[in-house]
Amino acid sequence: YDHPKFRPDGKALYMNHSVDSNKQLYSLTRLAKMSWPPQQAPSVPAVITGKTDRSVDGYSFTPDSSTIYFTGEEHGHDKLFVMPA
């Protein structure tokens, strides 16, 4: 996990999750979410971009914490994706 960011309302922590590339030829960087404060210990982040076939390069939130914008490469171009937070 890397690049952690709190959602603006402080109720969740998001981070990039990369699969060990030594075991796979092709791996994607996913976006993971963990409720904050954690409800149980140890708390494991849930991958929320698992159905997207793109690596997450960067991400940001709307000020009301309802939406996530993230960038990913598609056909050699950076593309902006949107999903509910």
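The rules we used
- Residues numbered from 1 in each chain as written.
- Predicted model: local features only at pLDDT ≥ 70, side-chain atom pairs only at ≥ 80, totals over all residues.
- Heavy atoms only, no water.
- Phe/Tyr/Trp six-rings, centres within 6.5 Å; stacked < 30°, edge-to-face > 60°.
- Helix = DSSP H or I, 4+ residues; strand = E, 2+ residues; numbered from the N terminus.
- Buried < 20%, exposed > 50% of the residue type's maximum accessible area, 1.4 Å probe, protein only.
- Pairing = 2+ DSSP bridges.
- Axes fitted to C-alpha atoms, helices over the stretch in contact; angles between N-to-C directions.

Q: Any details on the packing of aromatic side chains? Residues and values, ideally.
A: In the structure shown here, the tally under the stated rule is 4 aromatic pairs. Pairing Phe6 with Trp36 gives two aromatic rings, centres 5.2 Å apart and planes at 75°, and the pair type is edge-to-face. Of this pair, Phe6 sits in strand S1 (residues 2–6) while Trp36 is found in the loop between strand S3 (29–35) and strand S4 (46–47), placing the two residues 30 residues apart along the sequence. Centre to centre, the rings of Phe70 and Phe81 are 5.2 Å apart; their planes meet at 15°, and the pair counts as stacked. Pair noted here: Phe70 is in strand S6 (residues 67–74) and Phe81 is in strand S7 (residues 77–84), with a separation of 11 residues, a long-range link. For Phe81, a relative accessible area of 15% puts it in the buried group. These aromatic residues form a ring-pair network of at least three members: Tyr14, Tyr59 and Phe61.

Q: Residues and numbers for the sheet that holds strand S5 (residues 58–61), please.
A: Ordered by their spatial adjacency, 3 strands build an open sheet running S5-S6-S7, and the pairing between neighbours is antiparallel. Among the strands making up the open sheet, the edge pair consists of S5 and S7. Each adjacent strand pair in this sheet contributes to an overall mean axis angle of 25°, direction not counted. Here S6 pairs with S7 via 8 bridges, running antiparallel.

Q: Would you mind going over the pairing of S6 in detail, with residue names and values included?
A: In this sheet, S6 lies alongside S5 in antiparallel orientation, the contact comprising 4 bridges. Its bridge partner lying in S6, Gly58 is registered against Thr71. With antiparallel pairing between neighbouring strands as the criterion, S5 and S6 make up a hairpin whose turn holds 5 residues, including Ser65 at a positive phi of roughly 65°. Linking two consecutive strands that pair antiparallel, namely S6 and S7, is a turn of 2 residues; a positive phi of about 55° is found at His75 within it.

Q: Tell me about unusual backbone geometry, and name the residues and values.
A: Of all residues except glycine, most have a negative phi; of all peptide bonds, most are trans. The omega torsion of the bond from Trp36 to Pro37 falls at -5°, within 30 degrees of zero and hence cis. Take Pro37: it is sitting in the loop between S3 and S4. Notably, His3 is not glycine yet its phi reads approximately 55°, a positive angle. Structurally, His3 is set in strand S1. Looking at His3, the relative accessible area reads 52%, which means it is exposed. The phi torsion at Ser65 lies on the positive side, around 65°, for a residue other than glycine. The residue Ser65 is located in the loop between S5 and S6 in this model.

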